[in-house]
Amino acid sequence: MGNGFDFSVERLAGLGVPGGKAPASESGRYTGQSDEADLNVGHYKRSPQDGGINVPLQNGIGAGTFYLETFGCQMNEHDSEKVAGVLLARGYKQVERTDEASVILYNTCSIREKAAQKVFSRLGEYRTTRKEGQVIGVLGCVAQQEGEDIFERAPWVRLVCGSASYRKLPELLAQLEAGGKRITGLDLDTDETFETEITRRDNPWRAYLTIIEGCDKACSYCVVPYTRGPERSRASASVLEEVRQLADRGYTEVQLLGQTVNSYADPSARRMRFSELLAAVAEVAGIRRVRFTTSHPRDFGKDIVEAIETVPGICEHVHLPVQCGSTNVLRAMARTYTRDEYLEKIALLHGSKRAISITTDLIVGFPGETERDFRETLSLLDAVQYDGAFSFKYSPRPNTPSLKMDDAIPEEEKSRRLAILMEKQREIQRARNERLIGETVEVLVEGKSKRENQWSGHTSSNKVMNFTSPEQKLLGHYVQVRVTGASPNSLIGEHTKA
Ligand code: 5AD
Ligand code: SF4
């Protein structure tokens, strides 16, 4: 998955990847390019509507109020949007400060150790500062992974709930309200994806939409199959219906999400292929851009490239995590492809009539990774010429097969490899972005700087564009921008009147 993390956060070396906010899978959304900055933390800023009261007033705490903070990938961000929608519909009110909340919820990420540690340090802050009657709840991957052990480590936590049980959240909170001391919702064996009609979306132009939950790939280093369960796809008609509703509400860009989005398998009789679904979403009246993340190389085929080529509304960007350039390490990671097989997929993208930008995720220091293996990753960067990469030091995770593998790489060596990798990728990105100088590209305007006439947004290829325009009302509009400058992480441009 990749980091959520929107445009306000420069992700993936300037490329927003759903795989965003950092990954509870490959579809993470990251705030940076490296291990050190992989964790996005956010909470919703739009003021929620007033609602009824579900939780009694205590100690001056607002009644029926919740504070929700999100760690991790775009899947988590979007789950939080759904959680907020469910609670708002039940009359809760969302607040921006923990001391105003009757319920404090953390939607957590456990993809790497550092992410999980951050959650426990945040929980630790409440040991002394929490107010009596305040419910503190842990949601998401750490909840699913640690389960009731969280109560032992942080006895002041009263709710532990994994993503498959979010629909039950109001009932779980009601049980606490009725005197329950501690409640868990940790089922994984659900056939359903977490669908709700009342998702409270945070970005006014780009709407995230989960089309497949969970992961069946079982990479040997990854917790996602344990924390999010097996793959479950949502029926194509239901996806398209939600896209139509989003278009009616003014969204022009949708991003289809899934840890392995292109493994989508329509459970309905229609049996729509992923590439057909992409095209159908792009055809919905009012939708101008369709993004998708994260793609798994095994299920990435020619039909997806052809869909991008023939349907202009499908964005020219593919996030295709490789993890490593050495076939030996890929085998140990159980990635299901060799270096050459991955490069065949890249050849499809390089051969496209559209200039499709390619981004990836990389792990250095997997157990047994030799200097030679690492050099193969570096040479893969030369061969592919990625437009962005999230790179991480291998982090041993509970329950994963790689935990028991020999030949751990020392931390300093992991850091050395990461620094070399990032420096090389930075220079590749600089060169790739500089090559765009002089071109004119379409930008969805998503932000306005305090500086006069200064705007920002994303290109179809998901590059961050900072540009000047004398116009006043550009937010949410698509404009033509001439590229006048470039850095490894973003482009600089001028609004042109085409
Ligand atoms: N250690 C380091 N990186 C990991 N990722 C997943 N699990 C681990 C781990 N145990 C990375 C992969 C994945 C991204 C979302 O997070 O690169 O694609
Ligand atoms: Fe991605 Fe592999 Fe983890 Fe699945 S198991 S989310 S494919 S890294």
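The rules behind each value
- Residues numbered from 1 in each chain as written.
- Chains lettered and ligands numbered in written order.
- Predicted model: local features only at pLDDT ≥ 70, side-chain atom pairs only at ≥ 80, totals over all residues.
- Heavy atoms only, no water.
- Axes fitted to C-alpha atoms, helices over the stretch in contact; angles between N-to-C directions.
- Helix = DSSP H or I, 4+ residues; strand = E, 2+ residues; numbered from the N terminus.
- Parallel < 35°, antiparallel > 145°, perpendicular 65-115°, else oblique.
- Left-handed = near helix turned anticlockwise from the far one by under 90°.
- Contact = heavy atoms within 4.5 Å.
- Nonpolar A, V, L, I, M, F, W, Y, C, P; charged D, E, K, R; others polar.
- Buried < 20%, exposed > 50% of the residue type's maximum accessible area, 1.4 Å probe, protein only.
- Pairing = 2+ DSSP bridges.
- Salt bridge = Lys/Arg side-chain N within 4 Å of Asp/Glu carboxyl O.
- pLDDT = per-residue confidence, 0-100.
- Polar contact = N/O pair within 3.5 Å; in protein donor to acceptor, adjacent residues only side chain to side chain.

### Here's the deal with the packing of helix 8 (residues 236-248) against helix 9 (residues 274-283)
Item 1. Running from N to C, helix 8 and helix 9 point in directions that differ by 25 degrees, and their axes come no closer than 10 Å. With respect to helix 9, the axis of helix 8 lies roughly parallel. As helix 8 runs across helix 9, the sense of the crossing is right-handed. Here helix 8 contributes S236, V239, L240 and V243 to the contact with helix 9, which in turn contributes L277, A280 and V281.
Item 2. Among the residues forming the contact of helix 8 with helix 9, the class breakdown is six nonpolar, one polar and no charged.

### So, the pairing of strand 14 (residues 357-364)
Item 1. Counting buried positions over the eight residues of strand 14 gives eight, a clear majority of the element.
Item 2. Burial of strand 14 is two-sided: the residues S357, T359, D361 and I363 facing one way and the residues I358, T360, L362 and V364 facing the other way are all buried.
Item 3. Inspection of the sheet shows strand 13 (residues 317-319) paired to strand 14 by three bridges, in the parallel sense. Counterpart to H319 in the pairing with strand 14 is T359.
Item 4. The sheet contact formed by strand 14 and strand 15 (residues 388-393) spans six bridges and is parallel.

### Quick notes on the sheet that holds strand 12 (residues 289-293)
Item 1. Spatial ordering of the open sheet is given by 8-11-12, a layout of three strands whose pairing is parallel. Each having just a single partner strand, strand 8 (206-210) and strand 12 make up the two edges of the open sheet. Shown here is a sheet whose adjacent strand axes are inclined to one another by a mean of 20 degrees, direction ignored.
Item 2. Along the sheet face, helix 9 touches strand 11 (253-257) and strand 12 and points at about 150 degrees away from the line of strand 12.

### Details of the sheet that holds strand 16 (residues 440-448)
Two pairing modes exist for strands in a sheet, parallel and antiparallel, and in both the strands are linked by backbone hydrogen bonds.
Item 1. If you trace the five strands once around the closed barrel, you get 16-17-18-20-19, paired in mixed fashion. The mean inter-strand angle of the sheet, taken between neighbouring strand axes irrespective of direction, is 55 degrees.
Item 2. Strand direction decides the pairing type here: strand 17 (residues 454-459) and strand 18 (residues 464-468), joined by five bridges, are antiparallel. Following the sheet pairing, Q454 is matched in strand 18 by T468.

### Overview of the pattern of salt bridges
Item 1. Counting across every chain of the model gives 32 salt bridges.
Item 2. E371 is the salt-bridge partner of R375, the closest N and O atoms lying 2.9 Å from each other. One end of the pair is R375 and the other is E371, both in helix 13 (residues 371-384) and four residues apart, which spans about a single turn.
Item 3. Residue classification places E371 among the partly exposed positions, given a relative accessible area of 32%.
Item 4. Here R430 makes a salt bridge to E427, at a shortest N to O gap of 3.1 Å.

### Concerning the confidence of the model for the chain
Item 1. Considering every residue of the chain, the mean pLDDT works out to 86; 85% of them sit at 70 or more.
Item 2. Low confidence marks residues 1-32, where pLDDT is under 50. Its contacts with residues over four positions away, or in another chain, come to 240 contacts.
Item 3. Under a pLDDT of 50 for its full length, residues 34-62 has, in the predicted model, 102 contacts with residues more than four places off or in other chains.

### Quick notes on the pairing of strand 4 (residues 103-108)
Item 1. Buried residues dominate strand 4, accounting for six of its six residues.
Item 2. Here strand 4 shows no split at all, with V103, L105 and N107 on one side and I104, Y106 and T108 on the other all buried.
Item 3. Pairing geometry for strand 2 (residues 65-71) and strand 4, over five bridges, is parallel. By the bridge assignment, L68 is partnered in strand 4 with L105.
Item 4. Two strands pair when backbone bridges link them, and strand 4 and strand 5 (residues 135-139) are joined in this way by five bridges, in the parallel orientation. Counted as the bridge partner of V103 is V135 from strand 5.

### Thoughts on the side chain of Q74
Item 1. Tracing the backbone through its elements, the reader meets Q74 in helix 1 (residues 74-89).
Item 2. For Q74, a relative accessible area of 0% corresponds to the buried category.
Item 3. Looking at Q74, its side chain comes within polar contact range of the side chain of Y208, at 3.2 Å.
Item 4. Within the structure, Q74 has its side chain in polar contact with the side chain of Q255 (distance 3.4 Å).

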